[in-house]
Amino acid sequence: LNGRRIRVSKEKQISRSLFITGFPYDHNKFAKKYAEILIPFLKKTADIRRFGAAAIDLAWIASGRSEGYFEYHLNPWDVAAGYLLVKEAGGEVTDFSGKPLEIRSPIETLASNGVLHSQAVRMLQARFGF
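What counts and what doesn't
- Residues numbered from 1 in each chain as written.
- Predicted model: local features only at pLDDT ≥ 70, side-chain atom pairs only at ≥ 80, totals over all residues.
- Heavy atoms only, no water.
- Salt bridge = Lys/Arg side-chain N within 4 Å of Asp/Glu carboxyl O.
- Buried < 20%, exposed > 50% of the residue type's maximum accessible area, 1.4 Å probe, protein only.
- Core = buried A, V, L, I, M, F, W, Y, C linked by side-chain atoms within 4.5 Å.
- Helix = DSSP H or I, 4+ residues; strand = E, 2+ residues; numbered from the N terminus.

Some details on the pattern of salt bridges
Within the structure shown, the criterion is met by three salt bridges. Where Arg49 meets Asp47, a salt bridge forms, and the shortest distance between an N and an O atom there is 2.6 Å. The class of Arg49 is partly exposed, set by a relative accessible area of 36%. In this structure, the salt-bridge partner of Arg104 is Glu102, at a minimum N-O distance of 3.1 Å.

Structure below.
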């Protein structure tokens with residue numbers, strides 16, 4: 001970033017973390033389900049943001065501006081470049097169950113600074129029943 005190497009946040013407390021999410025284009029169809037997913041994040045994190053582009057969201061994780069990001073129903077082109085940024089910056093990227101991310105459609109993506117990843121996986125598992 002401007003000639004400097006980027007790194008993920010070192011934040012260790014989920015209560016002090018900022019998470020980012022996005023909503024699928026057919027959000028009317030999934031509104032209730034997505035609202036239920038947000039509940040544990042609203043209760044346990046410092047705040048949640050929505051910017052509207054997975055690539056930007058993942059860049060924020062990679063640059064340490066946020067601690068976590070989750071979204072589902074993404075396409076490979078939404079995730080591929082940001083995935084690499086997060087990994088190279090020291091973060092972790094998986095699917096919602098914590099398994100290695102497979103770049104195929106539709107993609108569910110969880111990215112984090114790595115320190116908070118297992119907590120975020122548990123929060124998503126509680127809603128998806130993994």
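Quick word on the nonpolar core
Core analysis: the largest hydrophobic core is formed by 17 residues, its most contacted members being Phe41, Phe70, Leu110 and Leu124. Only α1 (27-44), β3 (68-74) and α4 (117-128) provide two or more residues apiece to this core. With five residues, α1 is the largest single contributor of residues to this core.

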